[in-house]
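Each chain is listed here by its residues.
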Amino acid sequence: VWEDFKMYSHLRSILLIIIAQSAQGSGEPVCRSLGNFELSGLLQEGDIIIGGLFPMHYRVVVPDLGYMHKPRASGCYGFDFRSFRWAQVMRYAIKEINEDPSFLSNITLGYKIYDSCATHVAALRATFTILGNPEDTLSNITCTGTHSVLAFIGDSGSSQSIVVAKVLGPFSIPMISYFSTCACLGDKQEFPTFFRTIPSDMFQIKAIAQLVKHFGWTWIAAVSEDDDYGRYGIQALTEEVEKNGICVAYYEIIPKVYNRQRILEIVKKIKNSSAKIVVAFSGEGELYPLLEEVVHQNITGIQWIASEAWITAALFSPPKYYRFLGGTIGFAVRRGDIPGLKNFLLTVHPSSFPNNSLVKEFWETMFDCTLGTSHSIEQSIKCTGEKTLEGKNNLYTDITQLRISYNVYKGVYAIAHSLKNLINCKQNKGPFINKTCADITQLEPWQLQHYVQEVSFVNSMREEVNFDENGDPIASYDIINWQRSKDGSIQFVPVGRFDEAEGVGHELLIDEDAIIWNGEQTKVPESVCSESCAPGTRKGIREGEPVCCFDCLPCADGEISNQTDSVECIKCPEDYWSNQQRFQCIPKEIEYLSFKEPMGIVLTLVALFGVCLTTTVILVFFYYRSTPIVRANNSELSFLILLSLILCFLCSIIFIGQPTTWNCILRYTVFGISFSLCISCILCKTVVVLMAFKVTVPGSSIIKLFGPVQQRAVISACGLIQVIICIVWLTMAPPYAFKNTQYQSGKIILECGVESALAFWSVLGYIGLLACICFLLAFFVRKLPDNFNEAKYITFSMLIFSAVWIAFIPAYVSSPGKYTVAVQIFAILSSSFSLLTCIFFPKCYIILLKSENNSKQFLMGRK
Ligand code: TRP
């Protein structure tokens, strides 16, 4: 700022030196200015002059840098009726103020309006012309007394305003812009004298970001013109939308000087990108070449979001644009009415501005004719005197969309009201040092600056006009949608508004049903780089691409995501597991062999069948207890075996059902005891057979050696050992029911935990030992000659028994789960059945079907 200040102070002294030097020249004009560019402007004298800068041409001719001759006065081309209208609005406002005697009683306002050609070179030239053109004889107090120009209205484009504001700033000359929206101009340090009647882009950017968010677009593109307005706008917009997780697919800058190559590149980008929403921060003139090319290449399906600079652009309203630009949406500054303006506009006539090239050009362009000494050579038709503006329908006379014009109007009134306040200042109550007031005849621009900053009034539209500390008004926009009018051209339909005054979060108000989108759609267009991720999946970043482009990855087992677009999957709590689609944690499946499932039912039935079968055998044996075969087989032992078999069958049922502490304790103990009981009985039986045939101690019968007493003792002893093992086991570390969540992640397996493997294997091993002894003994006596070969059957049964239990070991050691339990039960049942069938069925067969064999003779092997 200090650098700038130094520079402009320097500039000012140079300017004054030039003025002073030229003043010394003989008799000739008293002052000579730096800028004698023969610019033609709209001028009117008055006590206080207001400068006006309007881009009355679209472009400036690229200057000849040779300096072989004096630079041309106006290097501008492309007459802009809209801007010419703005200039007329300024004139109109000043006229209105001057005609109201109660407003600024003794003082008349004058103006100096020049063309800024939408270029900062021209704007600067115009500024200097306004500031110090002493040749004009408009004011007799020029060069002395008050400054000639105390305030400026303008400029239009932000870049031009920046240049002008930097020039005016050090001189403390207030300027009020009607169209410069760049947020950068809100910096009071840099632009202390800048004010505007148009809201800062800070708000427009917020509004666009909210709009984009509102419609769920996350993948947008941006183009801008190549100046402060465009670059600042898009940069701020990108920052703002990225805060909301929206990505900008690409950002292209339209060159200031037409460059077909660049335009083609940009159009290609637009065509090939998946981003169908394109935000354009640009003036209509700058955007024109691009949109022309879009139309030329027949690119449809792009939903344009317009910035305030082109949302009401008449340039694009002809029907041929509708297919491409229809549906465009954007924010326009509020419109207002200026009563009496239309008539004023119609009064403009070359005859009231003799030798004024601007008005001449206006007239010639309007009626496509030439007014004598025109520099436009090609026009040959001479303008006739009868032509009037009445009935002419074009941008100039169209006063239906007074938005920027209205801003100009407000700006002029703001200056007038400031002057009024200044004049009405009461001595000793003034704002300046020692409570002084400004002297109207010696008025300094900084004094007016103070009043502009403070001004606040309600205008004829009942709108309050004032400037905040940044020199900005309260932001308020209309949301405009481009729809087809009856004649096929584009009309600007308001579909909502954005009002800063409504408070944060409530600013945006959209009538969605009224919007017609590009391609005559009523459905909101979509623009996303990647479709959103459904619950059950999460976003997976694609390396090197914006965050809006992602892959949807399914959550892992046991993890879920229950929202769309989740960034991460959440782990399910313990005992819970993800469902198939991974959007919900469901309780883990509990697995155990239950009575309710087919396998449980079948096994139970088989066990019960075994019990019944054994009971039947008991009954048969009991019924035929007096027959030789039963008696010969030591009926007491037989019954004991059968009873323990019933126990074996029953114990298999304990294995079915949900494991509980008691159930787990019972499982192994009942199993161990009943089996060891059973095997020890069989062992006894084998011993008896062995004794009967092998022991040949003279004079002793086997009854004496191994009689019932010994037998009972052996059985009890064998059983007791197992009981002791079990008791030790239960007291040391009893088996317990536990939830196995480790083994299978999606399931809770309820099982009986065996803490002491030693005890467990002792129980099993003991049974195995008994079975082995039994087998060996039985094997030993299997060939003994008796017709009813008990030993053979026992050998056989033990063989099966062992086979089953050896097969059973892997099942024990292997994975937990209900099938393992089923295998265990199967082993128990099949071994029980093998014992039952091998030992008892042959006897039952003889008893029931071959009763003739049920005799002592047969048993003794003698027929
Ligand atoms: N609001 C815009 C700005 O601040 C208006 C604008 C854009 C403009 N491009 C323009 C005005 C070209 C005049 C000429 O710059």
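Residues numbered from 1 in each chain as written. Predicted model: local features only at pLDDT ≥ 70, side-chain atom pairs only at ≥ 80, totals over all residues. Heavy atoms only, no water.

The name recorded for the protein chain in an unreviewed UniProt entry is G-protein coupled receptors family 3 profile domain-containing protein, from Latimeria chalumnae. Entered under Subcellular location (unreviewed entry) in the UniProt record, the comment concerning the protein chain runs "Cell membrane". Here the protein chain is described in UniProt, under the heading Sequence similarities (unreviewed entry), as follows: "Belongs to the G-protein coupled receptor 3 family." (UniProt positions renumbered as here; feature names shortened; annotations may be inferred.)

This brings us to the site of the ligand. Neighbouring the ligand are 13 residues, the closest being Ser-158, Phe-179, Thr-181, Glu-225 and Glu-308. With respect to the ligand, the side chain of Glu-225 contributes an N or O atom lying 3.0 Å from a nitrogen atom. One of the side-chain nitrogen or oxygen atoms of Glu-308 is found 2.4 Å away from a nitrogen atom of the ligand. Contact with the protein chains hides 93% of the accessible area of the ligand, taken as 360 Å² for the molecule alone. Its residues placed into classes, the shell around the ligand shows 4 nonpolar, 6 polar and 3 charged. Looking at the shell around the ligand, you find at least three residues from each of domain 1 (33-198 + 403-466) and domain 2 (201-307 + 309-338 + 475-514). (Near = heavy atom within 4 Å. Polar contact = N/O pair within 3.5 Å; in protein donor to acceptor, adjacent residues only side chain to side chain. Areas by Shrake-Rupley, 256 points an atom, 1.4 Å probe, with all protein chains shown as cover. Nonpolar A, V, L, I, M, F, W, Y, C, P; charged D, E, K, R; others polar. Domains from an automatic or database assignment.)

A few words on a nonpolar patch on the surface. Where nonpolar side chains cluster on the molecular surface, the patch consists of Ile-601, Leu-605, Leu-608 and Leu-650 and spans about 330 Å² of accessible area. Per-element tally for the nonpolar patch: the top contributor is helix α14 (residues 598-623), with 3 residues. You can call Ile-601 partly exposed: its relative accessible area is 38%. (Patch = residues over 30% accessible without salt bridge, like charges linked within 9 Å, V, L, I, M, F, W, Y side chains within 5 Å. Salt bridge = Lys/Arg side-chain N within 4 Å of Asp/Glu carboxyl O. Helix = DSSP H or I, 4+ residues; strand = E, 2+ residues; numbered from the N terminus. Buried < 20%, exposed > 50% of the residue type's maximum accessible area, 1.4 Å probe, protein only.)

Moving on to empty space enclosed by the protein. Applying the stated criterion to the full structure yields 5 cavities of 30 Å³ or more. The computed volume of the largest cavity comes to approximately 410 Å³. What lines the largest cavity is a set of 26 residues, among which Ser-156, Phe-179, Gly-283, Glu-284 and Glu-286 lie closest to the centre. Sorting the residues of the lining of the largest cavity by element identifies β3 (57-60), α2 (81-99), α4 (158-168) and α8 (284-296) as the ones contributing at least two each. Looking at the lining of the largest cavity, its residues break down into 8 nonpolar, 9 polar and 9 charged. (1 Å grid on protein atoms, 1.4 Å probe; cavity = no way out; pocket = protein on both sides within 12 Å on 5 of 7 lines; lining within 4 Å. Points joined across faces, edges and corners; volume = space filled by probe spheres on them.)

Glancing now at the sheet that holds strand β6 (residues 149-153). Read from one edge to the other, the open sheet built from 6 strands follows the order β1-β5-β2-β6-β7-β8, with strand pairing classed as mixed. Single-partner strands in this sheet number two, and they are β1 (42-44) and β8 (194-196). Strand-to-strand, the axes of this sheet are offset by a mean angle of 25 degrees, without reference to chain direction. The pairing of strand β7 (residues 175-177) with β8 spans 3 bridges and is classified as parallel. Its bridge partner being in β8, Ser-177 is matched across the sheet by Arg-196. (Pairing = 2+ DSSP bridges. Axes fitted to C-alpha atoms, helices over the stretch in contact; angles between N-to-C directions.)

The next thing to look at is the sheet that holds strand β25 (residues 589-591). Read across the sheet, 3 strands follow the order β25-β27-β26 without closing on themselves; strand pairing throughout is mixed. Single-partner strands in this sheet number two, and they are β25 and β26 (736-740). Here the average twist between neighbouring strands, direction ignored, is 25 degrees. Alignment of β25 against strand β27 (residues 747-753), held across 3 bridges, turns out to be parallel. What sits directly across from Glu-591, in β27, is Ile-749.

The next thing to look at is the pattern of salt bridges. Per the stated rule, a full pass over the model turns up 27 salt bridges. Here Glu-190 ties to Lys-166 by a salt bridge, and the two come within 3.4 Å at their closest N and O atoms. Highlighted residues: Glu-190 in the loop between β7 and β8 and Lys-166 in helix α4, separated in sequence by 24 residues. For the salt bridge of Glu-463 with Lys-410, the shortest nitrogen-to-oxygen distance reads 3.0 Å. Taken together, the positions of Glu-463 in the loop between β14 (456-458) and β15 (464-466) and Lys-410 in helix α12 (residues 404-423) put the pair 53 residues apart, joining distant regions of the chain. According to the relative accessible area criterion, Lys-410 is buried, its value standing at 9%. One salt-bridge network, in which partners are shared between bridges, spans Glu-225, Asp-227, Lys-256 and Glu-286.

The end-to-end C-alpha distance of α2, which contains 19 residues, comes to 26 Å, matching closely the 27 Å that a straight helix rising 1.5 Å per residue would cover. Where burial is concerned, most of α2 is hidden: 15 out of the 19 residues are buried. N-capping of α2 is provided by Asp-80, with a side-chain oxygen placed 3.0 Å from the backbone N of Arg-82. (Expected span 1.5 Å × (residues − 1).)

Here we come to the confidence of the model for the protein chain. Overall, the predicted model of the protein chain reaches an average pLDDT of 85, with 89% of residues at or above 70. Under a pLDDT of 50 for its full length, residues 16-33 has, in the predicted model, 17 contacts with residues more than four places off or in other chains. Long-range and interchain partners of residues 135-145, a stretch whose pLDDT sits below 50, account for 16 contacts in this model, where long-range means more than four residues apart. (pLDDT = per-residue confidence, 0-100. Contact = heavy atoms within 4.5 Å.)

Our focus in this paragraph is the packing of helix α21 (residues 790-813) against helix α22 (residues 818-848). Orientation of α21 relative to α22, taken along the N-to-C sense of each, is 180 degrees, at an axis distance of 9 Å. Classified by the interaxial angle, the pair formed by α21 and α22 is roughly antiparallel. A class-by-class count of the residues in the contact of α21 with α22 yields 17 nonpolar, 6 polar and 2 charged. (Parallel < 35°, antiparallel > 145°, perpendicular 65-115°, else oblique.)

Further remarks concern the nonpolar core. Grouped together as the largest cluster of nonpolar side chains are 105 residues, with contacts concentrated most on Phe-54, Met-90, Ile-153 and Phe-362. Per element, the largest residue contribution to this core is 11 residues, and it comes from α12. Summarising the domain contributions, this core has at least three residues from each of domain 1 (33-198 + 403-466) and domain 2 (201-307 + 309-338 + 475-514). If near-sequence neighbours (up to four positions away) are discounted, Met-90 is found in contact with Ile-50, Gly-51, Gly-52, Phe-54, Tyr-111, Ile-113, Ile-153, Val-408 and Val-412. With 74 residues, the next largest nonpolar core counts Ala-607, Phe-649, Phe-760 and Tyr-766 among its residues. (Core = buried A, V, L, I, M, F, W, Y, C linked by side-chain atoms within 4.5 Å.)

We now examine the packing of aromatic side chains. Across all of its chains, the model carries 45 aromatic pairs by this definition. On the numbers, 4.3 Å between centres and 20 degrees between planes, the contact of Phe-84 with Phe-362 is stacked. In this pair, Phe-84 sits in helix α2 while Phe-362 sits in helix α11 (residues 357-367), placing the two residues 278 residues apart along the sequence. The class for Phe-84 is buried, based on a relative accessible area of 0%. When its relative accessible area of 0% is taken as the criterion, Phe-362 is described as buried. An aromatic cluster is built from Phe-655, Tyr-668, Phe-671, Phe-675, Trp-729, Phe-760, Trp-761 and Phe-801, whose rings are joined through pairwise contacts. Directly above the ring of Phe-195 sits Lys-188, whose terminal nitrogen or CZ lies 4.9 Å from the centroid. Lying across the ring of Phe-840, Lys-843 places its NZ or CZ 5.5 Å from the centre. (Phe/Tyr/Trp six-rings, centres within 6.5 Å; stacked < 30°, edge-to-face > 60°. Lys NZ or Arg CZ within 6 Å of the ring centre and 35° of its normal.)

Below, the discussion takes up the UniProt feature "transmembrane region" (unreviewed entry) in the protein chain. Sequence positions flagged by UniProt for "transmembrane region" (unreviewed entry) are, in local numbering, residues 599-624, 636-656, 668-693, 714-738, 758-781, 793-813 and 819-841. For residues 599-624, the helix share is 96%, the strand share is 0%, and the end-to-end C-alpha distance is 37 Å. Taken end to end, residues 793-813 is 100% helix and 0% strand, and its two terminal C-alpha atoms sit 31 Å from one another.

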